[in-house]
Amino acid sequence: MNRSSNVTDPSSAVLDAEPAPLLRVEHLSIDLPGPAGQVRVVDDVSFTVAEGRTTGLIGESGSGKTMTATAIIGLLPAGAAVSGRMAWHGEDLVTMAEQDRRRLRGRGIAMIFQDPQAALDPTQTIGRQVGEILRRGGMPAKEVRRTVIDLLDRVGIPNPETRHAQYPHQYSGGLRQRAMVATALAGSPQLILADEPTTALDVTVQARILALLRRVRDEEGMAMLLVSHDLRVMAHVADEVVVMYAGRICEVGSGREVLNSPAHPYTRALVVSVPAVRSKTAIAEPLPGNPVSPAERPSGCPFHPRCAKAQDRCRSEVPQMRQVAAGRQVACHFPEEA
Amino acid sequence: MSLIEVRDLVVNFHTRWERRRGTKPNAVDGVSFTLRPDETLAIVGESGSGKTTVARCVVGLQARQKGAVLFDGAPVGPVAKRPPATRRAIQMVFQDPAASLNPRMTVRSIIAETWRTHPSAAPDGRSWDAAIHELLADVGLDADVATRRATALSGGQCQRVSIARALALRPRLLVCDEAVSALDVSVQSQILRLLTGLRAARGLAILFITHDLGVVRQIADRVAVMHQGRLVETATADDLFERPGHPYTRKLLDAALDLEGA
Amino acid sequence: MSAIAARPRLWPVRLRSTPTVAAIATVVLVGYLLVGLIGPLLIAYDPVATSVADRLLPIGAVRADGTVALLGTDGAGRDMLGQLVYGARTSIIIGISVVAACLVVGLAFGTLAGYLAGWTDVAISRLIDILMAFPGILLAIVIAGLLERSMLVVVLALSVAGWVGFARLARGLTLSLRERPWVDAARLIGVPTPVMIIRHIIPFVIGPVTALATTEFAGAVLSEAGLSFLGLGLPSATVSWGQVIANGKDYLDTAWWISALPGLALTGLVVSTGLLGDHLTQRLGTSR
Amino acid sequence: MTRYALRTAATGVLIIFGAATLVFFIMRLAPGDQALVLLGPDATGAEVAAARTRLGLDQPLPVQYWHYLTQLATLDFGESYRFGQPAFELVLSRLPASVELTLVATVIAMSGVVLGALAGAHRGRWIDRGISGFALTLYSMPPFWIGIMLILVMALQLRLLPSAGTGTPAHIVLPALTLAAPFTALLTRITRSSVADTMAEPYVQRAYAKGLSTREVVTGHVVRNAATPVVTVGALHVSTLLGGAVIVESVFTWPGLGSLLVTAVANRDYSIVQAAVLLIAVIVVCCNVAADLIAARLDPRVRLGAGA
């Protein structure tokens, strides 16, 4: 735990064009015990989350995006082996003592989950759950109540004075997700991890929740790490995006650039698969095959079996991340012109 | 003439107690529409709008309180009471790819089951295996999939098998209930391509239930928008997206996200 | 896919049961089975013959005729080892018969109630409610006590309430199974109801039901012992552990082994059944 | 909530009615004439016939059944031929002893909830393995044998406690311990699985994400959620406890309902069997209603009438 050395580590000066990084993930790998031995579900992943910005983690099933977020909050299942570094204010989350990590959870780093229905305790009032972290922090009951009502008001829950005493089953899906956001805000975190925060919601509600997330990020000056498979959500919210496939990073860059002119063949395929609503698009030329799970990751570039441009080199050699433009990195031997 | 006509459909899931108090709204409330033999009609709506319930009424898996479903002009009831020919003609593809297939059965026996139940649809003059391989090829699967079970297949492959099972009976209407919603984006377009290809090759009518407006725009001829159990607007796809008539449709379109124009 | 694909549970990790414990339990069970089935062929034992000279011999003592009473004798001079072996047979026969009867009836009623719904379901469910609430052993006491004494009556008395567990489990599973898309798909095709139940429902019910069968077996063995202990049910000529324990109660001061040994044998049988059952429940079934 | 209470009450009535019906048919199926049992083997044919008429045994079955039900409704079970007293009074007089025994046993068995919660919260660790093994063994021992072994050790060898009868508080220790044993094991197992299931719920994960410690998560979110199944399943097994009492009372010659029932069954004392079975059914129903009310208190979804 040579914590101070992490800050001055020369290798960390790779992606520094943007604002100061709040969280710097470096060469993160996660192994989980599977039925057939250890499986590397996240492999050599590096990216940064900058203060006041939203970083999007894009990926399909089995891409390792949720595992990465879970590693950051420190709730990986027992038996998971983590290597690499996660630098947070000069400290490494990977080697940090569990007690310190716990203190960080909710206060430094908060998390919003996919399914607000399942993530709220059905036997406790919303107000109690939103205020739990404050109460445990020793705030007097009266003040907790006032803060909770204020929080509920800020996330757009109407009539917070009556609503805070209600139970989750009395809330609609959208309101529940708002309550989850309020819970996350209660600890005044610097970083919010949002794991598919709108996937379980209807279209009309989704747009409002995304607007809310953007608003609270701006108001609080927080950083946000948004995990999603939905490129449309990313296009709306993410400043930077990280595209993952089979546990590895394909592409990193600003959201606008990556989604407008993808450099990695996989990102390109994803982008063209998204049907547009406001203009009629033909159904995209589909990628062959299925997303590969980390357990059966092929040699070389994990994407090569589905890639039209794959050469011999792609089958044998793992492509390293390389800079193709300012703030833009791609792990491909033959990237498209960005 | 229309292939399917739905008239004033009313469905609710009330208990006797709730029916007596009459405070709970119906799940489907007075829905009417028609579907021509070669068209793709999409029913769009948010969760709880009743779109899936309408689809289940059409195929006969859901009982209705009022209204009628007409197939070829003749009223049809619950699936168990339909004549075998009608039953053959209307097939369905479900949302959850893995759960659509009995995990204990091989793909071969899943398809063979349809022919055992409907001998009239069974291939004559050829071995069933050859026919199954041909059917699998039609939906873009290798012949060796026939000996596998759903647990050994990916989501996209399961959905292809589901489609093959439906096609085995040479149906005239395919009801797709959120058939691509659970798939990864990169697989979703595979299945959409397959469906549009089959529709052209076999002259299928498709009733497509979804919440994804982008997908609707890509494949639907006509669109019906549902909101809280009622049909608020039915229009051709182009009309609906260019000139939405109902305020709710407009709200839905406004809320929909696109990659561009963020 | 991300929306629906099962994500790994983050906390806590579900532990696999340890196969070694289950393996040991299985070996022990097979041992009991062998003793119960083959033992009576090897050991000549007459439950009615008494010998005053050999009364209350301790473990390992020598009888009047020079043979060794390995596990001692009881108050009537009968060999304890013989009683244990014959008692094992009784317990196993009754346990298996009760479970078999209950499984067949419960599975049939439960799947039918769950699949057909409507009035069939209401009727069967109410019957299940009534029998669930009422103490099964009490019912068995009343039935076995009032009717003629025989093995068949005991099996019947224990089965009257025993099938309910299977029926409840099978009904619950069937109710959730019939909502599965593959069942809907089969209904759309028009697969006949019997084929539907056998091919699309039963294969998924049978695993948890097997796990439950071990619990029910243990319960049946314990209840039978209880009935015999009270002197109800089995004819006196049939050796039963419960009865032996009851007989030994009068000699607790002088001959503890008469009551203690059959109880130990019983506990061993039920513990190993329970271990196997827990293992099966984790692998095949639901927790309740 | 009203609807919920109504349904619970209806199920209760059905259970009592079902128990009564079952007893009726078993009695009709039983070998030997009730009149003969009543009068003894020396009775003349005319006496038997007269008794049969008096008991209504010569009527068709549905009429007998109706007659039986009206008798039950008025709590008129007839006289015990053996004790010459009204059966219901006799049964009632034995009730307090049984209630006393069952209550003490229940209090002892509550330790199972603590053990189960410990095991469930530490699933897979040594403490879980130890507690689970203990519970399984306890559950696997026939209760009457536990009783006899307790008598052997505590009463006969160590001479600490009396082995039978009533009177002093010491008398209740062994029977209560015996009766509590399987119920403790049961509660341990139920609580363990309920707590372990709750620990795996998403909202518990989320509680960890708030930075709570395991202890805070358990006290704050697990206990209340895990309690509902423990209460409902536990109540369902109160019948197991009552069933156990029947046997345990016989072991310790405890003057309760259970030992009375066993004697009555052995002697074919039908009036007492009827009265006792019905009373036990009523007790079971009361326990279930109580459990439902507690569950409703614990779970706002039930209390506030959310659709299940």
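Residues numbered from 1 in each chain as written. Chains lettered and ligands numbered in written order. Predicted model: local features only at pLDDT ≥ 70, side-chain atom pairs only at ≥ 80, totals over all residues. Heavy atoms only, no water.

A.B. asks: Help me understand the overall build of chain B in this model?
C.D. replies: Broken down by element type, chain B carries ten helices and ten strands. Its C-alpha atoms give chain B a radius of gyration of 19 Å, near enough to 18 Å, the size a compact globule of 262 residues would have. C-alpha atoms of chain B, sized along the principal axes, occupy 55 × 50 × 35 Å. Looking at chain B as a whole, 60% of its 262 residues qualify as buried. Nonlocal contacts in chain B, meaning residues at least 24 apart in sequence, comprise 67% of its contacts between residues at least 6 apart. (Helix = DSSP H or I, 4+ residues; strand = E, 2+ residues; numbered from the N terminus. Rg over C-alpha atoms; globule rule 2.2 N^0.38 Å. Buried < 20%, exposed > 50% of the residue type's maximum accessible area, 1.4 Å probe, protein only. Contact = heavy atoms within 4.5 Å.)

A.B. asks: So what exactly am I meant to see when it comes to the overall build of chain D here?
C.D. replies: Looking only at helices and strands, chain D has 15 helices and zero strands in total. Principal axes of the C-alpha set define a box for chain D whose edges measure 85 × 55 × 30 Å. When burial is assessed residue by residue, chain D has 52% of its 308 residues classed as buried. Long-range contacts, defined as pairs at least 24 residues apart, comprise 72% of the intrachain contacts of chain D with a sequence gap of at least 6. Taken as a whole, chain D presents about 13,100 Å² of accessible surface, with 67% of it coming from carbon and sulfur. Separation between the mean location of the 21 positive side-chain charges and that of the 16 negative ones in chain D comes to 15 Å. (Areas by Shrake-Rupley, 256 points an atom, 1.4 Å probe, with all protein chains shown as cover. Lys, Arg positive; Asp, Glu negative; His and termini not counted. Charge placed at Lys NZ, Arg CZ, Asp CG, Glu CD.)

A.B. asks: Quick question: what am I supposed to make of a positive patch on the surface here?
C.D. replies: Taken together, the side chains of Arg128(A), Arg135(A), Arg224(D) and Arg297(D) make up a positively charged region of the molecular surface. Tracing the backbone shows Arg224(D) in helix α11 (residues 214-236). On the basis of relative accessible area, Arg224(D) is assigned to the partly exposed category, the value being 33%. (Patch = residues over 30% accessible without salt bridge, like charges linked within 9 Å, V, L, I, M, F, W, Y side chains within 5 Å. Salt bridge = Lys/Arg side-chain N within 4 Å of Asp/Glu carboxyl O.)

A.B. asks: Looking at this structure, how should I read the interface of chain C and chain D?
C.D. replies: How big an interface is tends to be stated in terms of accessible area lost as the parts join. Counting from both sides, the interface comprises 52 residues of chain C and, opposite them, 60 residues of chain D. Both faces combined, the contact of chain C with chain D buries some 4,800 Å², and carbon together with sulfur accounts for 74% of it. The interface formed by chain C and chain D contains one salt bridge. Asp278(C) is paired through a salt bridge with Arg189(D); the nearest N and O atoms lie 2.7 Å apart. Counting across the chain C and chain D interface gives six residue pairs in polar contact (both at pLDDT 80 or more). Where the side of chain C that touches chain D is concerned, the elements lending two or more residues are α3 (118-133), α4 (136-146), α7 (193-229), α8 (241-248) and α9 (257-284) of chain C. (Buried area = accessible area lost by both parts, 1.4 Å probe. Polar contact = N/O pair within 3.5 Å; in protein donor to acceptor, adjacent residues only side chain to side chain.)

A.B. asks: What is the right way to read the sheet that holds strand β10 (residues 230-236) of chain B from this model?
C.D. replies: Sheets are built from strands that pair by backbone hydrogen bonding, the pairs being arranged parallel or antiparallel. All names here are of chain B. Read across the open sheet, the six strands follow the order β6-β7-β8-β3-β9-β10; overall the sheet is mixed. The strands lining the two open edges of the sheet, one partner per strand, are β6 (90-93) and β10. Put simply, the sheet's adjacent strands are angled 20° from each other on average, direction ignored. When strand β3 (residues 40-44) meets strand β8 (residues 205-210), the two strands line up parallel, connected through five bridges. Bridge pairing in β8 places Val44 opposite Thr210. (Pairing = 2+ DSSP bridges. Axes fitted to C-alpha atoms, helices over the stretch in contact; angles between N-to-C directions.)

A.B. asks: Would you mind showing me how to read the domain arrangement of chain D here?
C.D. replies: All names here are of chain D. Domain assignment breaks chain D into domain 1 (1-86) and domain 2 (89-304). Between the C-alpha centres of domain 1 and domain 2 the distance comes to 32 Å. Domain 1 puts 25 residues into the contact, and the matching count from domain 2 is 24 residues. Buried surface at the junction of domain 1 and domain 2, both sides included, amounts to about 2,300 Å², of which 72% is carbon and sulfur. Seen at the junction of domain 1 and domain 2, the total is zero salt bridges. In this assembly, domain 1 and domain 2 are joined by four residue pairs in polar contact (both at pLDDT 80 or more). (Domains from an automatic or database assignment.)

A.B. asks: Would you mind showing me how to read the sheet that holds strand β8 (residues 223-228) of chain A here?
C.D. replies: Residue and element names in this part refer to chain A. In spatial order, the strands read β6-β7-β8-β3-β9-β10-β12-β11; together these eight strands make up an open sheet with mixed pairing. Looking at strand neighbours, the two that pair on one side only are β6 (109-112) and β11 (322-325), the edges of this open sheet. This sheet shows a mean twist of 20° between the axes of neighbouring strands, independent of strand direction. As judged from the five bridges shared by strand β7 (residues 191-195) and β8, these two strands associate in the parallel manner. Pairing of Leu193 across the sheet is with Leu225, part of β8.

A.B. asks: Would you mind going over the interface of chain A and chain D with me for this structure?
C.D. replies: Listed by partner, the interface residues are 25 residues for chain A and 22 residues for chain D. Summed over both sides, the interface between chain A and chain D buries roughly 2,100 Å², with carbon and sulfur atoms accounting for 58% of that surface. Measuring nitrogen to oxygen at the nearest pair gives 2.6 Å for the salt bridge that ties Lys210(D) to Glu132(A). On the surface where chain A and chain D come into contact, there are twelve residue pairs in polar contact (both at pLDDT 80 or more). Elements with a contribution of two residues or more to the side of chain A that touches chain D: β6, α4 (116-119), α6 (132-136) and α9 (173-186) of chain A. Classifying every residue of the side of chain A that touches chain D gives twelve nonpolar, seven polar and six charged. (Nonpolar A, V, L, I, M, F, W, Y, C, P; charged D, E, K, R; others polar.)

A.B. asks: Sorry if this is basic, but what is going on with the nonpolar core here?
C.D. replies: Nonpolar side chains tend to gather and get buried jointly when the protein is soluble and globular. Ranked by size, the top nonpolar core spans 223 residues in total, and within it Ile111(B), Trp115(B), Ile163(B), Phe208(B), Val223(B) and Tyr68(D) carry the most contacts. Looking at which domains feed residues into this core, each of domain 1 (1-86) and domain 2 (89-304) of chain D gives three or more. The residues touching Ile163(B), leaving out its near neighbours within four places in the chain, are Val93(B), Val139(B), Ile191(B), Leu194(B), Leu195(B) and Leu198(B). Formed by 113 residues, the second largest nonpolar core is a distinct cluster that contains Leu75(A), Leu193(A), Val243(A) and Ala121(D). (Core = buried A, V, L, I, M, F, W, Y, C linked by side-chain atoms within 4.5 Å.)

A.B. asks: Just checking my understanding: could you explain the UniProt feature "domain: ABC transmembrane type-1" (unreviewed entry) in chain D for this structure?
C.D. replies: UniProt tags residues 95-291 of chain D as "domain: ABC transmembrane type-1" (unreviewed entry). The span residues 95-291 of chain D is 83% helical and 0% strand by assignment, and the distance between its end C-alpha atoms comes to 21 Å. (UniProt positions renumbered as here; feature names shortened; annotations may be inferred.)

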